[in-house]
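Listed here are the chains, written in short residue letters.
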Amino acid sequence: MSTLRRQLLGLGFVAASSLFALHAAQAMSGPTAIKIDGGPFGQLQISGGVDGYGYYLGQTNDQGNLPFSNKSNGAYAGSALIELQKTDGELQFTVEVGPNGGAVTLGTAPTETSVNTLTTGPLYAGYLTVAPTNSPITVSAGMLGSVEGFESAIDWNNSNQLVTEIFYVQNSQNRGVSANYTQGPINATVIFGDGYDTGVFNFIQALVTYTINPTNSLSVYGAANLGTTGLNTFGYGNTTTGSYGAQFANSNMGGAYYSYTMGNLNLVPEAQYQYAKPNHRVGITKTSYNFGAALFADYTFGTSPYSVGAWGEYWTSKTSSQDNLNWFIGPDSAGFGASVTPTWQYKDLFARADAGYLYLTRRTDGSGDKYGYGAGDHHRGVFTGLLEAGVLF
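Residues numbered from 1 in each chain as written. Predicted model: local features only at pLDDT ≥ 70, side-chain atom pairs only at ≥ 80, totals over all residues. Heavy atoms only, no water.

A count of helical and extended segments in the protein chain gives four helices and 19 strands. For the protein chain, long-range pairs separated by at least 24 residues make up 65% of all intrachain contacts whose partners lie at least 6 apart in sequence. For the protein chain, the accessible surface area stands at approximately 15,400 Å², while carbon and sulfur atoms represent 61% of it. (Helix = DSSP H or I, 4+ residues; strand = E, 2+ residues; numbered from the N terminus. Contact = heavy atoms within 4.5 Å. Areas by Shrake-Rupley, 256 points an atom, 1.4 Å probe, with all protein chains shown as cover.)

Shown next as structure tokens:
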């Protein structure tokens, strides 16, 4: 599986204007836009952030027992993004540039961030928006983010730097056209574009959020490939669709999450089902699927600079033995994972530690071969520890 996919697949939309509901977990206060005079463009807003982290990986044995073996550690730059927006008037725009690689999927090794992970290079997001006066509908076109899932691909928008398997299999940035409708408690967005950054315009996504009251909301999302995306198309980091898995760009998805807030506690359960139908043109002979479920929690300690985020997950996947497809870790994988992140933030500065553990309950492919972590790929479990610090503006 391409390491570039590990950096990018998931909710990649932090360039949030009034057109899109920002539905990432907010453990910290995000970037605060600085207003500047844009001359003929009117008032503009500039914001961004930069962070870095150190990591530690260790595997447990088949029974999940300590001590850790096959240990590794290192340090990487996380993300360095700057965003310029015009958010008022009938013609608006968003431009966001820089490398993004701070969100790390639990169960995968951290990788170095790069400005070449998208086919658009350092342009992470860039789109024009038409917002007619007094109209509930707005339209945008350009490099957009996905509306799939609860988690964000930009780490400082999440309660945890480590993200779930649900995040891993989702689409991220893509080029296309979107329409957004907001009326009362309903917000709905539909995007038609290339999906998985492939350059093949046959992918549709939708998100509908119903705000029940200030402490409860329900979001339902889905995505579908309306044609076939071939094996030789290029996506993230100029990696071919065939290299990272034809089932992703040729999949259909449905999911939902519910947000409940009680005082300083926010709870969000999420479930997602994704499948790829048989398509012999891209080597899928039988239906392949992936199911994931997770519970996210975020608690802030009053007016103090401290908060803690946590989540637990379960996933299971199924592929045909002759197709050699891999949704996550290996063919026909299943397992559990958990992550806990205490966070400190003072104004624009933040620091946090993240500890996560993933355990494979099924790790045998269709040929009977086992896979896993560490030397010989024979360990079921992996521990990931991260220390992260950054500044937002």
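A full pass over the atoms with the stated rule returns 17 aromatic pairs. Between Tyr314 and Phe336, the aromatic rings sit 5.1 Å apart at their centres with planes inclined by 45°, giving tilted as the arrangement. Remark: Phe336 occurs in strand β17 (residues 334-346) and Tyr314 occurs in strand β16 (residues 306-318); sequence separation between them is 22 residues. A relative accessible area of 30% places Tyr314 in the partly exposed class. Aromatic ring contacts, followed pair by pair, group Tyr196, Phe203, Tyr244, Phe248 and Trp327 into a single cluster. (Phe/Tyr/Trp six-rings, centres within 6.5 Å; stacked < 30°, edge-to-face > 60°. Buried < 20%, exposed > 50% of the residue type's maximum accessible area, 1.4 Å probe, protein only.)

Before going further, it helps to spend a moment on the environment of Met28. The topology assignment puts Met28 in the loop between α1 (3-8) and β1 (34-37). By relative accessible area, which is 5% here, Met28 ends up buried. Residues Met28 and Thr300, 272 residues apart in the sequence, show an inter-C-alpha distance of 9.0 Å. Not counting residues up to four positions away in its chain, the partners in contact with Met28 are Trp156, Thr343, Gln345, Phe350 and Arg352.

Pairing between strand β9 (residues 174-183) and strand β10 (residues 186-193): eight bridges, direction antiparallel. By the bridge assignment for β10, Ser178 is matched with Ile191. Hairpin connection between β9 and β10: a loop of two residues separates the two successive antiparallel strands, and Gly184 in this loop has a positive phi of roughly 60°. Summarising the sheet, β10 and strand β11 (residues 203-213) pair through eight bridges and their orientation is antiparallel. (Pairing = 2+ DSSP bridges.)

Moving on: the confidence of the model for the protein chain. Here the protein chain averages 88 in pLDDT, while 89% of its residues score no lower than 70. Of all the helices and strands in the protein chain, α1 carries the lowest mean pLDDT, 33, while β10 carries the highest, 98. Confidence over residues 1-25 falls short of pLDDT 50; this stretch has 113 contacts with residues more than four positions distant or in other chains. (pLDDT = per-residue confidence, 0-100.)

Moving on, we get to a nonpolar patch on the surface. On the surface, a nonpolar cluster with roughly 740 Å² of combined accessible area is contributed by Val50, Tyr299, Phe301, Tyr306, Trp344, Tyr346, Leu349 and Val391. Its place among the elements puts Leu349 in strand β18 (residues 349-362). Here Leu349 falls in the partly exposed class, since its relative accessible area comes to 44%. (Patch = residues over 30% accessible without salt bridge, like charges linked within 9 Å, V, L, I, M, F, W, Y side chains within 5 Å. Salt bridge = Lys/Arg side-chain N within 4 Å of Asp/Glu carboxyl O.)

Now for the pairing of β16. Side-chain direction in a regular strand flips from residue to residue, so the side chains alternate between the two faces of the sheet. In this sheet, β16 lies alongside strand β15 (residues 288-300) in antiparallel orientation, the contact comprising twelve bridges. Residue pairing in the sheet places Phe291 in a bridge with Thr316 of β16. If you look at the hairpin formed by β15 and β16, you'll find five residues sitting between the two strands, and Gly302 has a positive phi there, around 60°.

Counting 51 residues, the largest nonpolar core has Tyr124, Trp156, Tyr196 and Leu358 as the members making the most contacts within it. Once residues within four sequence positions are removed from consideration, Leu358 is found in contact with Leu106, Gly107, Glu313, Trp315, Phe328, Phe336, Gly337, Tyr373, Arg380, Gly381 and Val382. Counting residues in hydrophobic clusters, the runner-up holds five residues, among them Ala246, Ala276, Ile284 and Leu325. (Core = buried A, V, L, I, M, F, W, Y, C linked by side-chain atoms within 4.5 Å.)

On to the pattern of salt bridges, then. Under the defined criterion, the tally for this structure stands at six salt bridges. The salt bridge involving Arg352 is made with Asp155; its shortest N-O contact spans 3.8 Å. Of the two residues, Arg352 is situated in strand β18 and Asp155 in the loop between β7 (137-144) and β8 (162-163); the sequence distance between them amounts to 197 residues. For Asp155, a relative accessible area of 0% translates into the label buried. The closest approach of N and O atoms between Glu388 and Arg352, which form a salt bridge, is 2.5 Å. Taken together, the residues Glu388 in strand β19 (residues 381-392) and Arg352 in strand β18 connect sequence positions 36 residues apart. Using a relative accessible area of 3% as the deciding quantity, one classes Glu388 as buried. A single network of salt bridges, built from pairs that share partners, joins Asp155, Arg352 and Glu388.

Let us now look at the environment of Gly330. Take Gly330: it is sitting in the loop between β16 and β17. Considered as a pair, Gly330 and Thr364 are 34 residues apart in the sequence and their alpha carbons are 8.1 Å apart. Not counting chain neighbours up to four residues away, the residues in contact with Gly330 comprise Ser317 and Tyr371.

With that settled, consider the side chain of Ser79. With respect to the helices, strands and loops of the structure, Ser79 is situated in strand β3 (residues 69-86). According to the relative accessible area criterion, Ser79 is buried, its value standing at 2%. At 3.4 Å, the side chain of Ser79 forms a polar contact with the backbone nitrogen of Gly101. Polar side-chain contacts of Ser79 include one of 3.3 Å to the backbone nitrogen of Gly102. Apart from residues lying up to four places away in sequence, Ser79 is in contact with Gly49, Val50, Asp51, Pro99, Asn100, Gly101, Gly102, Asp155 and Trp156. (Polar contact = N/O pair within 3.5 Å; in protein donor to acceptor, adjacent residues only side chain to side chain.)

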